[in-house]
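# A structural walkthrough
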Amino acid sequence: MSFPGKRFKPARPAVTQPKMSAFYFRWILISALWIEGSEMITNLRSYTISAGLAFKLECNEDHEMQNVSMSWSIVPNISGINIHGNALWFLPADLSHSASYSCLSRKGNETWETKFDVSVENKTCPCVNRKDELKSTKDITCLLPHIFEIDPQAQVTWRNNCHPLNVTNSKVLAINRSPDMVGKYTCFVSFTFRGKNYSAAQTTEIYSHPEDYVVTKPEIIYPKEYEQKVTLGESYTVNCKALLGKNNKEEETFIYWFSDSGTLDLNFSCSTVNEGAQKYFLSVLYIPEVTEDYLYTNLTCLVQHPAGSDVVNVILIPASQYERYYWIGLGLVALLILLCAVAFLFRVDLVLAYRAVCSSAAISSDGKSYDAYVCYLHGDQHSSTSAVTFALDFLPAMLEDLYGYKLFISGRDELPGEAVHDVIADRMSRSRRLIIVLTSQSCVSPQTDATKSLLPDKLPISDRDVQLKATNTSFDQIWANYEQRVGLYDALVKQGLKVILVQVEDGVEEALLPESLRYISRTKGILKWRQNASNRGNRSFWKHMRYQMPPAKRRKSQELTLL
């Protein structure tokens, strides 16, 4: 496996070291002094070559990199090995040349080492150093451009599985993509260098995939995209593990770290790990000292393959800052819950306070003449004294005189000679609320009400209809029942009138109320006024009454003493 760039420290396999001479030891000492104080970055490459063939090692394969100084650790007078420019030549390779060779490169304050693990075998054809798939290949090129640069007249011959082919002096070998073309193809090049004749070779393997062959992209197992807590001034390590895709080639897969900050110099190592039948790539990012430059910066692990790539970002944040954000977030959530609870418990006071402060904004222009229509049983021996007292005395004294509401009170505000149904229908259509005062006489017998629907099937449409019912019921009861039915019809069917139920004496049982009133009671509730209570005792009642009333247009400054 190879890796792009040079910011990594791959695992070093055990290799056979050449015998160290005094000159070699002095060279290592000088090199160590040369790179003292700078960061050492290591790149490892492995080669297997055949004895008797010329071979070239390049210290810097990136020819576009300029102003790079290089030096080899090999002793120049070793037989068969020569240094030409920045390259190390084996002319030709010998079995005794199997060893590790090191090249140091330096550009500015940056230094890196390239180690070459060279193994020389006694074989006619060299090992495969390139592979091509049969169906995607139409010809094979002899990849020895450095040889043709030295001797443009070099002679080329080809072999298939190390058997000679009848092809000469051609750098390109055509293939017909048939299954019998699968195999190893070696080009041998005979050339002249500095007056001596040498041979070099390069082998390409042509292989074929089965029909169900599939290549999948590699996948990063961890880390997933997340934040990690770090401590400033301490060292830190981040592991990036990627699963090799199906039928991926190691030499085509690259894994490395990079940052979106141009000031960070990332130091990471790469290796392969086998776990059962699965193969993983592991890249370890090592930060010797966490500074502020590493904080809140995307540290990206990228694994690449021709079939696709995968990427993950890691952001380092201070440990204390992370905990601080945690507690701040937890406090904000607790504060939000507390505010919601307070708003729910004190919603009545908050609404009333808003109306008092922003009275002009709270009032709506809906064209209504009355804030509420007050409906109660009144008039004769069937009337309730508490209902009359509440409707004619306490209610207008508080809502009209103190808080500026405009009420239409049945039995007080009608004009003589007006038709009953016209008065009720007109005043209710011009009211924003319907206040129904409940007494013990509001209850009905279950036997008489059990068959009634939520609303009457037919409302009286004239005074004659009302008079027809007077044979068994008093006029005041008919008036009150008619008021309730018209108001409830508007509230439940037309959705144009909101109903407020007020209980002014004991003995009102919800189960015995008409079905329509029971529905209002279940959905809106009943406000209970205590007749013999003090002013403080009914304070909550008046507060909830004002809460259910619309915003008042004005507020009187004087306060009345309630009897």
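Above this text you will find the structure in question.
What comes next concerns the included structure. (Residues numbered from 1 in each chain as written. Predicted model: local features only at pLDDT ≥ 70, side-chain atom pairs only at ≥ 80, totals over all residues. Heavy atoms only, no water.)

### Observations regarding the overall build of the protein chain
Within the protein chain, the regular secondary structure consists of 12 helices and 27 strands. Residues counted as buried form 41% of the 563 residues belonging to the protein chain. Within the structure as shown, the protein chain displays about 31,300 Å² of accessible surface, and the carbon and sulfur contribution to it stands at 52%. (Helix = DSSP H or I, 4+ residues; strand = E, 2+ residues; numbered from the N terminus. Buried < 20%, exposed > 50% of the residue type's maximum accessible area, 1.4 Å probe, protein only. Areas by Shrake-Rupley, 256 points an atom, 1.4 Å probe, with all protein chains shown as cover.)

### Observations regarding the sheet that holds strand β16 (residues 226-230)
Taken in spatial order, the 4 strands line up as β16-β22-β21-β18 in an open sheet, and their pairing is mixed. A single partner strand is all that each edge strand has here, and the edge strands are β16 and β18 (254-259). Within the sheet, the average angular offset between the axes of one strand and its neighbour, ignoring direction, is 25 degrees. Two strands pair when backbone bridges link them, and β18 and strand β21 (residues 298-305) are joined in this way by 6 bridges, in the antiparallel orientation. Residue Phe 254 lies in a different strand from β21, and its bridge partner there is Gln 304. (Pairing = 2+ DSSP bridges. Axes fitted to C-alpha atoms, helices over the stretch in contact; angles between N-to-C directions.)

### Observations regarding the state of the cysteines
Under the criterion given, the structure shown has 4 disulfides. Disulfide pairing is shown between Cys 240 and Cys 301; the S-S distance is 1.9 Å. In this structure, the disulfide formed by Cys 240 and Cys 301 twists by about -90 degrees around the S-S bond and is classed as left-handed. On the criterion of sequence distance, the pair formed by Cys 240 in strand β17 (residues 236-243) and Cys 301 in strand β21 is long-range, its members being 61 residues apart. (Disulfide = S-S within 2.5 Å.)

### Topic: the nonpolar core
In this structure, Phe 390, Ile 435, Trp 542 and Met 545 are the most contacted members of the largest nonpolar core, which totals 27 residues. Here this core takes 8 residues from helix α6 (residues 385-402), the largest share from any one element. Discounting residues that sit within four places of it in the chain, Met 545 has contacts with Leu 395, Leu 399, Ile 435, Ile 500, Val 502 and Leu 527. Counting 26 residues, the second largest nonpolar core, distinct from the first, contains Val 230, Leu 244, Trp 257 and Cys 270. (Core = buried A, V, L, I, M, F, W, Y, C linked by side-chain atoms within 4.5 Å. Contact = heavy atoms within 4.5 Å.)

### Some words on helix α4 (residues 347-357)
Each full turn of the α-helix corresponds to 3.6 residues, which orients residues three or four apart in the same direction. When α4 is considered as a whole, its buried residues turn out to be Val 348, Leu 352 and Arg 355. Buried residues of α4, seen end-on, are gathered within an arc of 60 degrees and therefore sit on one face of the element. (Arc of directions from axis to C-beta.)

### Examining the packing of aromatic side chains
Tallied over the entire structure, the rule returns 16 aromatic pairs. On the numbers, 6.0 Å between centres and 70 degrees between planes, the contact of Phe 390 with Phe 541 is edge-to-face. In this pair, Phe 390 is assigned in helix α6 and Phe 541 in helix α12 (residues 539-548), connecting sequence segments 151 residues apart. Exposure remark for Phe 390: the relative accessible area of 0% places this residue in the buried category. Members of the aromatic cluster, connected to one another through ring pairs, are Tyr 47, Phe 55, Trp 72, Phe 90, Tyr 101 and Phe 116. The residue whose ring lies beneath Arg 159 is Phe 188, and the NZ or CZ to ring-centre distance is 5.1 Å. If you follow Lys 171 out to its NZ or CZ, it ends over the ring of Phe 148, 4.2 Å from the centre. (Phe/Tyr/Trp six-rings, centres within 6.5 Å; stacked < 30°, edge-to-face > 60°. Lys NZ or Arg CZ within 6 Å of the ring centre and 35° of its normal.)

### Overview of the packing of α4 against α12
Running from N to C, α4 and α12 point in directions that differ by 60 degrees, and their axes come no closer than 10 Å. The orientation of α4 with respect to α12, classified from their angle, is oblique. Pair α4 / α12 crosses with left-handed handedness. Contact residues: Arg 347, Val 348, Asp 349, Val 351, Leu 352 and Arg 355 in α4; Lys 543, His 544, Arg 546 and Tyr 547 in α12. Classifying every residue of the contact of α4 with α12 by side-chain character gives 4 nonpolar, 1 polar and 5 charged. (Parallel < 35°, antiparallel > 145°, perpendicular 65-115°, else oblique. Left-handed = near helix turned anticlockwise from the far one by under 90°. Nonpolar A, V, L, I, M, F, W, Y, C, P; charged D, E, K, R; others polar.)

### Concerning a nonpolar patch on the surface
On the surface, a nonpolar cluster with roughly 1,200 Å² of combined accessible area is contributed by Tyr 296, Tyr 325, Ile 328, Leu 332, Leu 335, Leu 338, Leu 339, Val 342, Phe 344, Leu 345, Phe 346 and Leu 350. If one sorts the elements of the nonpolar patch by residue count, helix α3 (residues 319-345) sits on top with 9 residues. Topologically, Leu 350 is positioned in helix α4. Accessibility expressed as a relative area gives 48% for Leu 350, which makes it partly exposed. (Patch = residues over 30% accessible without salt bridge, like charges linked within 9 Å, V, L, I, M, F, W, Y side chains within 5 Å. Salt bridge = Lys/Arg side-chain N within 4 Å of Asp/Glu carboxyl O.)

### Structural notes on the pattern of salt bridges
By the definition in use, this model includes 10 salt bridges. Residue Glu 121 pairs with Lys 123 through a salt bridge whose shortest N-O separation is 3.5 Å. With relative accessibility at 24%, the residue Glu 121 sits in the partly exposed group. Classification of Lys 123 by relative accessible area gives partly exposed; the value is 45%. Salt bridges sharing common partners tie together Glu 400, Arg 412 and Asp 413.

### Notes on unusual backbone geometry
Looking along the chain, the bond that leaves Leu 91 and enters Pro 92 is cis, with omega of -20 degrees. Topologically, Pro 92 is positioned in the loop between β5 (87-90) and β6 (99-107). Look at the link from Tyr 222 to Pro 223: it is a cis peptide, with omega at 0 degrees. As for its placement among the helices and strands, Pro 223 is situated in the loop between β15 (219-222) and β16. One non-glycine residue with positive phi stands out, namely Tyr 296, at about 55 degrees. Structurally, the position occupied by Tyr 296 is in the loop between β20 (278-287) and β21. On the accessibility criterion, Tyr 296 (47% relative accessible area) is partly exposed.

### Side note on the environment of Tyr 354
Relative to the assigned elements, Tyr 354 resides in helix α4. On the basis of relative accessible area, Tyr 354 is assigned to the partly exposed category, the value being 44%. In this structure the C-alpha to C-alpha distance between Tyr 354 and Pro 551, which are 197 residues apart in sequence, comes to 9.8 Å.

### Comments concerning the pairing of strand β23 (residues 372-375)
Residues in a regular strand point their side chains to alternate faces of the sheet. Residues Ala 372 and Val 374 of β23 are buried on one face, and the alternating residues Tyr 373 and Cys 375, pointing to the opposite face, are buried as well. Alignment of β23 against strand β25 (residues 433-438), held across 3 bridges, turns out to be parallel. Directly across from Cys 375, in β25, lies its bridge partner Ile 436.

### Structural notes on the environment of Ala 372
One can find Ala 372 in strand β23. Taking relative accessible area as the criterion, Ala 372 reaches 0% and is therefore assigned buried. A C-alpha to C-alpha distance of 8.4 Å links Ala 372 and Ile 409, two positions 37 residues apart in sequence.

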